[in-house]
Amino acid sequence: MTQKIGLGRAHSKIILIGEHSVVYGYSAIALPLKNIEVVCRVQEAQKPMEIDIADPLSTAVFAALEYLEKADEKLSIVIESNVPEKRGMGSSAAVAIAAIRAVFDYFDRSLSGPVLEMLANQAEIIAHENPSGLDAKTCLSDTAIKFIRNLGFSEMPIDLGAYLVIADTGIHGHTREAVQKVRNLEEKALPYLHRLGDLANLIEVGILAKDLSVIGQAMSQAHQELDLLGVSSPEANHLVQVAQAKGAIGAKMSGGGLGGCIIALCRYEKEAQDMSHMLKKEGAANTWIESL
Ligand code: MEV
């Protein structure tokens, strides 16, 4: 008899605008990256899984098993991920979501959206001390998500007929340190954060008006503000400069920073493909193209 397998998948995410300023109450917009996925397979094992409470994957599996009242089941978990860790792409949330889906699938149990989000956020508390929930929300969503702290989330359909190139600097981002760096600036950070808030609003207007120039210019300005705040990195700055010089409508770092990814907006698919090759030649560890 073939062994039963539970299967779960989840996609990743990237922040379009609003990193750091979102911590201070300004809006952020995050995009689902539907083609960059994590797949999880669950099957019967000889002995119970060892739960490491510091590990978001085992926390997610354990949360799912507890919810299903199956905490004593012996399972093995295999993750195949195309989402690099610590790059602001929601790797921990995607792994947790894929694993929870796989556990429910293994037991042939239906899984509602709210229960999945609640269990995924339990794992996210392990991965990030104080998660806003934006990663899990975007990794669960087919549309972009707008988030304002204390106000919550709303879906923001984006249909620009454009392309976003995501380029990985190959360096781990350091979100916690970057957030602390901004905090240490105290009131000196406020003008930058305020301008980042304005730029997020401008990008929202650009999305509604389908105006790529507005969006692109605001992205590039946001990069400057984030660099001045001290949360970019030489590698991200280099890739942003290359993207801008080679005709991107706009480019910026994305996520917590001090490493991680950059994003570049292109009008046509061929431009995005050329941009992708160029960024790899200029040092990007990997690139992806997402249609917007
Ligand atoms: C990190 O993905 C986004 C930050 O704004 C931190 C946060 O919102 O918690 C840098």
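These numbers come from a predicted model, not from an experiment.

Inspection of the entire model under this criterion finds three aromatic pairs. With 6.1 Å between their ring centres and 35 degrees between their planes, Tyr67 and Phe104 make a pair best called tilted. Within this pair, whereas Tyr67 is found in helix α1 (residues 56–67), its partner Phe104 is found in helix α2 (residues 91–106), the two being separated by 37 residues in sequence. Assessed through its relative accessible area of 42%, Tyr67 is described here as partly exposed. Overall, Phe104 belongs to the buried group, its relative accessible area being 2%. Relative to Phe107, the ring of Tyr106 lies with its centre 4.9 Å away and its plane at 90 degrees, an arrangement referred to as edge-to-face. Sitting over the ring of Tyr106, Lys4 keeps its end group 5.6 Å from the ring centre.

The next subject is the site of the ligand. Taken together, Ile15, Glu19, His20, Val22, Val23, Thr175, Val179 and Gly256 are the residues near the ligand. Between His20 and the ligand, the recorded distance is 2.8 Å, taken from a backbone N or O atom to an oxygen atom. Taken by itself the ligand offers 300 Å² of open surface, and the protein chains cover 80% of this.

Ile14, Leu16, Leu164, Ile203, Leu265 and Leu279 are the most contacted members of the largest nonpolar core, which has 88 residues in total. Top element by residues in this core is α2. It accounts for 12 residues. Residue contacts for Leu279: discarding those within four places in its chain leaves Val165, Ala167, Leu239, Val242, Ala243, Ile262, Ala284 and Thr287. In terms of nonpolar packing, the next biggest core, distinct from the first, is built from seven residues, Val22, Ala30, Leu134 and Phe147 among them.

Bringing the sheet that holds strand β9 (residues 286–291) into the picture now. If you trace the four strands from one edge of the open sheet to the other, you get β7-β8-β6-β9, paired in antiparallel fashion. The open sheet has two edge strands with one neighbour each: β7 (250–254) and β9. Looking at each pair of strands side by side, their axes are set apart by 20 degrees on average, direction ignored. Of the pairings in the sheet, the one linking strand β6 (residues 163–168) to strand β8 (residues 261–266) comprises six bridges and is antiparallel in character. Opposite Tyr163, over in β8, you have Cys266 as the bridge partner.

Going through the model one piece at a time under the given rule, you end up with zero disulfides. With no disulfide partner, Cys40 has as its closest neighbouring cysteine sulfur the one in Cys139, 15 Å distant. Owing to a relative accessible area of 0%, Cys40 belongs among the buried residues under this scheme.

With that settled, consider unusual backbone geometry. Phi at Lys86 takes a positive value of approximately 55 degrees, unusual for a residue other than glycine. Relative to the helices and strands, Lys86 is located in the loop between β3 (75–81) and α2. We classify Lys86 as exposed; its relative accessible area is 52%.

Procedures and definitions
- Residues numbered from 1 in each chain as written.
- Predicted model: local features only at pLDDT ≥ 70, side-chain atom pairs only at ≥ 80, totals over all residues.
- Heavy atoms only, no water.
- Phe/Tyr/Trp six-rings, centres within 6.5 Å; stacked < 30°, edge-to-face > 60°.
- Helix = DSSP H or I, 4+ residues; strand = E, 2+ residues; numbered from the N terminus.
- Buried < 20%, exposed > 50% of the residue type's maximum accessible area, 1.4 Å probe, protein only.
- Lys NZ or Arg CZ within 6 Å of the ring centre and 35° of its normal.
- Near = heavy atom within 4 Å.
- Polar contact = N/O pair within 3.5 Å; in protein donor to acceptor, adjacent residues only side chain to side chain.
- Areas by Shrake-Rupley, 256 points an atom, 1.4 Å probe, with all protein chains shown as cover.
- Core = buried A, V, L, I, M, F, W, Y, C linked by side-chain atoms within 4.5 Å.
- Contact = heavy atoms within 4.5 Å.
- Pairing = 2+ DSSP bridges.
- Axes fitted to C-alpha atoms, helices over the stretch in contact; angles between N-to-C directions.
- Disulfide = S-S within 2.5 Å.

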